[in-house]
Amino acid sequence: MSSETTGASYASAGVDIEAGDRAVELMKEWVRKTRRPEVLGGLGGFAGLFDASALKRYERPLLASATDGVGTKVDIARRLGVYDTIGHDLVAMVMDDIVVCGAEPLFMTDYICVGKVHPERVAAIVKGIAEGCVLAGCALVGGETAEHPGLLGPDDFDVAGAGTGVVEADRLLGPDRIREGDAVIAMASSGLHSNGYSLVRHVLLERAGLALESEVAELGRTLGEELLVPTKIYSLDCLALTRTTEVHAFSHITGGGLAANLARVIPDGLHATVDRSTWTPGAIFDLVGRTGDVERLELEKTLNMGVGMMAVVPAESVEAALTTLADRGVDAWVAGEITARDGHASGAELTGDYAR
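For every chain, the first residue of the written sequence is number 1, and numbering continues from 1 onward in sequence order. For this predicted model, a pLDDT threshold of at least 70 governs which residues receive local features, and a threshold of 80 or more governs which side-chain atom pairs are given and counted, while totals over whole chains, interfaces and linings are taken from all residues. As a convention, hydrogens and water are excluded, and side-chain values are obtained from all of the structure's heavy atoms.

## Thoughts on the nonpolar core
Link 1 in the chain: Residues belong to one nonpolar core when they are buried, are Ala, Val, Leu, Ile, Met, Phe, Trp, Tyr or Cys, and are joined through side-chain atoms within 4.5 Å. Residue burial is assigned from relative accessible area. The probe radius is 1.4 Å, only protein chains are included, and a residue is buried under 20% of its type maximum, exposed over 50%, and partly exposed in between. Grouped together as the largest cluster of nonpolar side chains are 78 residues, with contacts concentrated most on F157, L227, L262, V274, I284 and M310.
Link 2 in the chain: Helical segments are the DSSP runs of H or I of at least four residues, strand segments are the runs of E of at least two, and each set is numbered from the N terminus. With eight residues, the single largest contributor to this core is helix α3 (residues 86-98).
Link 3 in the chain: The contact definition used throughout considers only heavy atoms, calling two residues in contact when any of these lie within 4.5 Å. Ignoring anything within four residues of it in the chain, the contact list for L227 reads K73, I76, L192, Y197, V200, L212 and I284.

## A few points about the side chain of N195
Link 1 in the chain: Summarising the element assignment, N195 is placed in the loop between β7 (183-188) and α5 (197-207).
Link 2 in the chain: Residue N195 is classed as buried on the basis of its relative accessible area of 18%.
Link 3 in the chain: By the criterion applied in these results, polar contacts are pairs of N or O atoms within 3.5 Å in which, for protein atoms, one can donate a hydrogen and the other can accept it, and in which residues neighboring in sequence qualify only through two side-chain atoms. In this structure the side chain of N195 is engaged in a polar contact, spanning 3.4 Å, whose partner is the backbone nitrogen of G255.

## Overview of the packing of helix α2 (residues 73-80) against α5
Link 1 in the chain: Contact geometry of α2 with α5 gives a least axis separation of 8 Å together with a crossing angle of 50°. One finds that α2 runs oblique with respect to α5. Where α2 abuts α5, its residues K73, D75, I76 and R79 lie against Y197, R201 and L205.
Link 2 in the chain: Each residue is assigned to one of three groups, with Ala, Val, Leu, Ile, Met, Phe, Trp, Tyr, Cys and Pro labelled nonpolar, Asp, Glu, Lys and Arg labelled charged, and all others, Gly among them, labelled polar. Its residues assigned to classes, the contact of α2 with α5 comprises three nonpolar, no polar and four charged. Interaxial angles span 0 to 180 degrees and are taken between N-to-C directions of axes, which are lines fitted to C-alpha atoms, for helices over the stretch in contact. Roughly parallel refers to an angle under 35 degrees, roughly antiparallel to one over 145, roughly perpendicular to one between 65 and 115, and oblique to any angle outside these ranges.

## Focus on α5
Link 1 in the chain: For α5, the complete set of buried residues consists of Y197, L199, V200, R201, V203, L204 and L205.
Link 2 in the chain: For α5, the elements touching its buried residues are α2, α6 (223-227) and α9 (283-292).
Link 3 in the chain: Two residues or fewer past α5, G209 is found with a positive phi of approximately 70°.

## Here's the deal with the environment of M305
Link 1 in the chain: With respect to the helices and strands, M305 occurs in the loop between α10 (296-300) and β12 (307-313).
Link 2 in the chain: Once the C-alpha coordinates of M305 and S189 are considered, the two residues, 116 residues apart in sequence, prove to be 8.1 Å apart.
Link 3 in the chain: Beyond its immediate stretch of four places on either side in the chain, M305 contacts W279, P281, F285, L299, E300 and Y354.

See below:
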């Protein structure tokens, strides 16, 4: 009689625990690079530990939290087999939301869901997340890799993350600080960032039939390379601004576009006007609009149009703000102003035509 078992097992259901363990070992090196002095323990515990006594230096510390993913940009990474950049996008989407209120990023956790654990692939994703955390100044204190066979294909995956930051209560930024006459400073995006990829994929890949490997002259690289450019992480740049000059508010330009996101920080009775003629959107935005015959307003409410973050500062702080950003290698310019609209709800609008 055979001693071999024919009973069901986790492995026969498609879950490889040993592959998951190997993935954890491969990612430990990258997680260590994000370590801050407040972090206790190492990777592998049930929970990440962060020494909250570090917050004692605050008079009234406010914790800021955010969670996000990177949307269908993961499909581009999967198709190209490039996994070490998508983590930058994840950190940017989470930590650049946190810094908008003036909070310093502290720590982050991630969630990676795969159809089948390929250890080197998971480790590459975590490598990108860790590199992004270093750029944001936060620690990666833990995460979860889940294998979902039958629900996802063997090469399918998705990523999500959650982060926490802290800000002194009396330094909290937002609508309450904004005043008539403030200037709106735009900070250039690195490209599409991580929003609007459902439209981009529909227009360029499905309707136009472009190949990700194809060279696109106006982009100066392949389409795939352009679509995988990581989202810029502005966290430390924004914090530098708050240390060197007065800042009233930030706005992270993500889903919904520039006007809608800027409007979120404008108080009632005031209005933000942004002049399109102060910048030229990158070639990828024109390519999507022209190829898909997408109307400008539709494009603007879907894509960032070349602006990834905006700062609202007093007029007298403009020079110092631009100098700080230039010293940090951030392309920035005055793009608009805050005006009064008594008796009207807050809002933001784009005026003029883009520079050519």
